[in-house]
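Notes for the structure review
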Amino acid sequence: VQLQASGGGLTQAGGSLRLTCAVSGGTFMHYGMGWFRQAPGKEREFVAAISYTGGRTWYADSVKGRFTISRDNARNTVSLQMNSLKPEDTAVYYCAATRVNTPYTTYYFIQTYDYWGQGTQVTVSS
């Protein structure tokens, strides 16, 4: 399974960006999907996740109400709409996939995910 993230860039505080992750090489609906981020000098952290049907979503408290995760099972993509961006959102963002039988309660954890994309840089200036 290959994951390719895109859509990062530079924006000012209060701006918006939309990240997209294209998945290939597997049956997309067999995977729950997540987004993580890693800022310089910090550990990788959970941002958002979505169940394999798209019916359930989870968010880190720091992004709740500002970010929205969605998936298009016809196009094999998962997206992260990021609004009201803050300088502290600056990081490399990674998409990840976990097999469908993974318990939802573990979606917050890095070790849950089996496949990772290469990351896309998001920079928010103040």
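Given the structure is predicted, the values throughout are model-derived calculations rather than measurements. (Residues numbered from 1 in each chain as written. Predicted model: local features only at pLDDT ≥ 70, side-chain atom pairs only at ≥ 80, totals over all residues. Heavy atoms only, no water.)

Next up on the list: the state of the cysteines. By the definition in use, this model includes one disulfide. With its sulfur 2.1 Å from that of its partner, Cys-21 forms a disulfide with Cys-95. Handedness here is read from the sign of the S-S torsion; for Cys-21 and Cys-95, about 60°, the answer is right-handed. Here Cys-95 lies in strand β9 (residues 91-99) and Cys-21 lies in strand β3 (residues 17-24), a separation of 74 residues in the sequence. Among the residues examined, Cys-95 registers a relative accessible area of 0% and is labelled buried. (Disulfide = S-S within 2.5 Å. Helix = DSSP H or I, 4+ residues; strand = E, 2+ residues; numbered from the N terminus. Buried < 20%, exposed > 50% of the residue type's maximum accessible area, 1.4 Å probe, protein only.)

Scanning the entire structure with this criterion turns up six salt bridges. A salt bridge links Arg-37 to Glu-45, with the nearest nitrogen and oxygen atoms 2.6 Å apart. With a relative accessible area of 6%, Arg-37 lands in the buried category. Here Arg-75 ties to Asp-72 by a salt bridge, and the two come within 3.7 Å at their closest N and O atoms. The class for Arg-75 is exposed, based on a relative accessible area of 66%. (Salt bridge = Lys/Arg side-chain N within 4 Å of Asp/Glu carboxyl O.)

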